[in-house]
Amino acid sequence: MKDKISALMDDEIPMDESDHLMIAISSESEVSDCWSTYHLIGDVMRGNPMLSHDFTERLMAKIGEEPTVLAPKAKRSFFNMSMLLSVAASMAAVTFVGWMVLQQQVQPNGVAPIEIANNIPTEYLLAHQSMASSSAAYYIQPASFTQASSK
Amino acid sequence: MRRLLLLCFFLGNVGQALAESDDTWLLLQKASQAARELSYQGVFVYQSGSSAKSVQITHMNFGQGEYARMVVLDGQPREVLSQGPDVVIFSPHNEKVVIEKRHRQSMFPALLPANMDNIKLSYLAKAGGIERVGGRDGQVVILSPKDQLRYAYKLWTDREYGILLKAATLNEKNEVLEQIGFNQLTLLNSQKLDWFQPSVEYNKSYVVEDSMPAKTVNDVPDWLVSEIPQGYHKVDEVMRTVPGKQNPVTQLIYSDGLASVSLFIEPLLKGAAPRTGHTSMGATNFFALVADGHQVMAVGEVPEATVSQFASAVSFKK
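Residues numbered from 1 in each chain as written. Chains lettered and ligands numbered in written order. Predicted model: local features only at pLDDT ≥ 70, side-chain atom pairs only at ≥ 80, totals over all residues. Heavy atoms only, no water.

Draft legend 1. Spatial organisation of the packing of aromatic side chains. Residue and element names in this part refer to chain B. Across all of its chains, the model carries 10 aromatic pairs over all chains by this definition. When the centroid spacing of 6.5 Å and the interplanar angle of 70 degrees are considered together, the rings of phenylalanine 90 and tyrosine 206 count as edge-to-face. Here the residue phenylalanine 90 occupies a position in strand S5 (residues 86-93), and tyrosine 206 occupies one in strand S12 (residues 205-209), the gap between them amounting to 116 residues. In this structure, phenylalanine 90 and tyrosine 206 share a single accessibility class: buried. (Phe/Tyr/Trp six-rings, centres within 6.5 Å; stacked < 30°, edge-to-face > 60°. Helix = DSSP H or I, 4+ residues; strand = E, 2+ residues; numbered from the N terminus. Buried < 20%, exposed > 50% of the residue type's maximum accessible area, 1.4 Å probe, protein only.)

Draft legend 2. Geometry of the nonpolar core. Residue and element names in this part refer to chain B. Leu28 and Leu143 are the most contacted members of the largest nonpolar core, which totals 62 residues. Each of domain 1 (2-187) and domain 2 (213-316) gives at least three residues to this core. With near-sequence residues (within four places) excluded, leucine 28 lies in contact with Leu112, Met116, Ala125, Val141, Leu143 and Leu155. Counting residues in each nonpolar core, the second largest holds 12 residues, with Leu81, Leu188, Phe196 and Tyr206 among its members. (Core = buried A, V, L, I, M, F, W, Y, C linked by side-chain atoms within 4.5 Å. Domains from an automatic or database assignment. Contact = heavy atoms within 4.5 Å.)

Draft legend 3. Main features of the domain arrangement of chain B. All names here are of chain B. Entries for chain B in the domain assignment read domain 1 (2-187) and domain 2 (213-316). Taken over C-alpha atoms, the centre of domain 1 sits 27 Å from the centre of domain 2. At the interface, 19 residues of domain 1 touch 19 residues of domain 2. For the pair domain 1 and domain 2, the summed buried area comes to about 1400 Å², and 53% of that belongs to carbon and sulfur atoms. Contact with domain 2 buries surface across domain 1, with Leu149, Arg150 and Tyr151 losing the most and accounting together for 40% of the total. Here domain 1 and domain 2 share one salt bridge between them. Between arginine 150 and aspartate 256 there is a salt bridge, with its nearest N and O atoms 2.9 Å apart. Counting across the interface, domain 1 meets domain 2 through seven residue pairs in polar contact (both at pLDDT 80 or more). Among the secondary structure elements, those contributing two or more residues to the side of domain 1 that touches domain 2 are helix H2 (117-122) and strand S11 (176-187). The greatest single-element share of the side of domain 1 that touches domain 2, amounting to three residues, is contributed by H2. (Buried area = accessible area lost by both parts, 1.4 Å probe. Salt bridge = Lys/Arg side-chain N within 4 Å of Asp/Glu carboxyl O. Polar contact = N/O pair within 3.5 Å; in protein donor to acceptor, adjacent residues only side chain to side chain.)

Draft legend 4. Highlighting the pairing of strand S9 (residues 152-158) of chain B. Residues and elements named next belong to chain B. Within S9, seven of the seven residues are buried, which leaves it mostly tucked inside the rest of the structure. Bridge count for strand S8 (residues 136-145) against S9 is six bridges, and the pairing is antiparallel. Its bridge partner lying in S9, glutamine 139 is registered against threonine 157. Joining the antiparallel neighbours S8 and S9 is a turn of six residues. As paired elements, S9 and strand S10 (residues 164-170) share six bridges and run antiparallel to each other. Its bridge partner being in S10, tryptophan 156 is matched across the sheet by lysine 166. Between the end of S9 and the start of S10, which pair antiparallel, lie five residues, with glycine 162 showing a positive phi angle near 85 degrees. (Pairing = 2+ DSSP bridges.)

Draft legend 5. Molecular detail of the sheet that holds strand S1 (residues 114-115) of chain A. Taken together, seven strands build an open sheet; the order of strands is S1(A)-S17(B)-S18(B)-S19(B)-S16(B)-S15(B)-S14(B) and the sheet is mixed. Each edge of the open sheet carries a strand with a single partner, namely S1 of chain A together with strand S14 (233-240) of chain B. By the bridge criterion, seven bridges tie S14(B) to strand S15 (residues 249-255) of chain B in an arrangement that is antiparallel. If you follow Arg240(B) over to S15(B), its bridge partner there is Val249(B). On the sheet, helix H6 (residues 122-131) of chain A packs against S14, S15, strand S16 (260-267), strand S17 (275-281), strand S18 (284-291) and strand S19 (294-300) of chain B and is oriented at approximately 125 degrees with respect to S16(B). Each of S15, S16, S17, S18 and S19 of chain B is contacted by helix H3 (residues 304-312) of chain B, which is oriented at about 25 degrees to S18(B), the strand it contacts most. (Axes fitted to C-alpha atoms, helices over the stretch in contact; angles between N-to-C directions.)

Draft legend 6. Region of the structure containing the side chain of Arg150(B). Residue and element names in this part refer to chain B. Relative to the assigned elements, arginine 150 resides in the loop between S8 and S9. A relative accessible area of 4% means that arginine 150 is categorised as buried. Within the local environment of arginine 150, its side chain forms a polar contact with the side chain of aspartate 147, the two groups lying 2.9 Å apart. A polar side-chain atom of arginine 150 sits 2.6 Å from the main-chain carbonyl oxygen of glutamine 230. Contacts of arginine 150, omitting those with residues within four sequence positions, involve Ser122, Tyr123, Pro145, Gln230, Gly231, Tyr232, Asp256, Pro303 and Thr306.

Draft legend 7. Just H6(A), in detail. Burial analysis of H6(A) places 10 of its 10 residues in the buried class, the great majority of the element. Inspection of H6(A) places Thr122(A), Glu123(A), Tyr124(A), Leu125(A), Leu126(A), Ala127(A), His128(A), Gln129(A), Ser130(A) and Met131(A) among the buried residues, and these make up the whole buried set.

Draft legend 8. Quick peek at the pattern of salt bridges. Residues and elements named next belong to chain B. Counting across every chain of the model gives eight salt bridges over all chains. Across the salt bridge formed by arginine 136 and aspartate 158, the nearest N and O atoms sit 2.3 Å from each other. Here arginine 136, found in strand S8, pairs with aspartate 158, found in strand S9; they are 22 residues apart in sequence, far enough to count as distant. Aspartate 158 carries the same exposure label as arginine 136, and that label is buried. One continuous salt-bridge network, built from bridges that share partners, spans Arg136, Asp158 and Glu160.

As structure tokens, this is what we get:
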């Protein structure tokens with residue numbers, strides 16, 4: 001298993017001349033035991049949900065355990081139905097007007113632009129900080145950045 | 001004769017003033033070296049806007065290269081281990097600990113580059129008085145920009161060790177946008193490296209975030225960057241993934257030796273909401289625009305004028 005970790009470190013994770021992770025892992029056998037159970041998933045922290053490798057199996061197993069609920073369908077009276085229809089009609093009218101208004105603001109690609117003043121683009125900030133050579137902020141980002149990135 | 005004496009006196013003063021300016025650059029040169037070559041331990045505080053965080057740092061270099069460990073003491077735990085140019089960041093997230101790898105970060109107190117030539121083109125260095133920082137005597141150096149395209153920096157260098165004790169980013173109104181400085185600092189004598197390992201939580205799983213940007217670059221880009229703000233030069237260009245985006249984004253990184261700007265360029269996909277406008281956060285300014293079906297975004301610890309100029313410098317081939 002240790003070899004496997006080492007291989008992962010060498011092949012998938014280019015860490016030229018940086019053996020400090022390995023120092024940390026090999027310094028205590030308990031840690032290396034623990035390490036062998038780690039799941040190596042690429043590009044998980046930011047944006048993508050973090051799922052363990054057996055997530056699908058576990059989810060399917062959980063779903064398998066759930067009891068199937070068999071309930072009879074409730075009968076709907078004509079009166080209720082017509083009420084619903086009129087509500088639906090007025091909703092449709094409102095939606096149509098709203099849609100007309102929206103159409104006038106929409107950009108060529110069909111989606112209204114987002115003002116970044118109302119919505120700080122944290123993903124770009126993180127990308128900037130991870131590459132910019134003079135950024136002191138990266139490793140001590142405010143908690144909100146980290147939370148935003150792990151959504 | 002009197003006139004000659006006066007002239008000598010005048011010339012003497014000019015000579016002295018020039019020497020002082022050179023000395024000031026030497027102070028910064030020394031600070032850059034000391035941060036990398038000394039072995040030290042301390043606690044520094046990073047402050048941006050209303051948020052402040054303390055970080056414990058241990059840095060060792062006894063000629064075998066640089067080893068450093070930084071532990072964030074406030075709020076969300078975070079730990080950074082670096083060896084030479086390689087940086088590994090450990091951040092616990094709920095049940096997991098995410099491991100990120102980075103390269104070439106200039107981290108406090110090594111904020112200044114080894115080569116000052118670029119900085120000299122865009123900034124003037126002026127020595128100030130002596131101010132105490134973290135119980136130590138600091139020599140104040142002001143780096144003031146020669147134009148409106150960058151912020152000013154107030155730096156404190158240790159009178160004894162030469163190391164950078166504190167750095168503050170100032171806007172044109174002389175207001176502090178962000179600052180980072182030691183609360184305490186001691187030199188290390190021991191050469192033991194036993195501290196150089198992350199604190200491991202055995203009940204958590206460790207996940208490697210493999211987001212090192214790919215070095216490959218589009219063969220024929222359909223964009224062109226011309227007339228970038230003065231004093232900045234391109235230091236890197238990558239195609240990378242940005243969280244929440246499926247297609248790779250081009251990231252160009254520019255620097256004036258101290259401040260840096262990232263320029264992101266990507267084709268605007270159907271159905272994706274374009275971003276426009278300007279905003280800021282601490283010392284960081286953002287400028288976004290849409291041009292010829294592309295999203296352009298400039299981000300950097302620079303004034304608004306600079307990010308807006310960068311974003312506007314991108315044009316597209318038809």
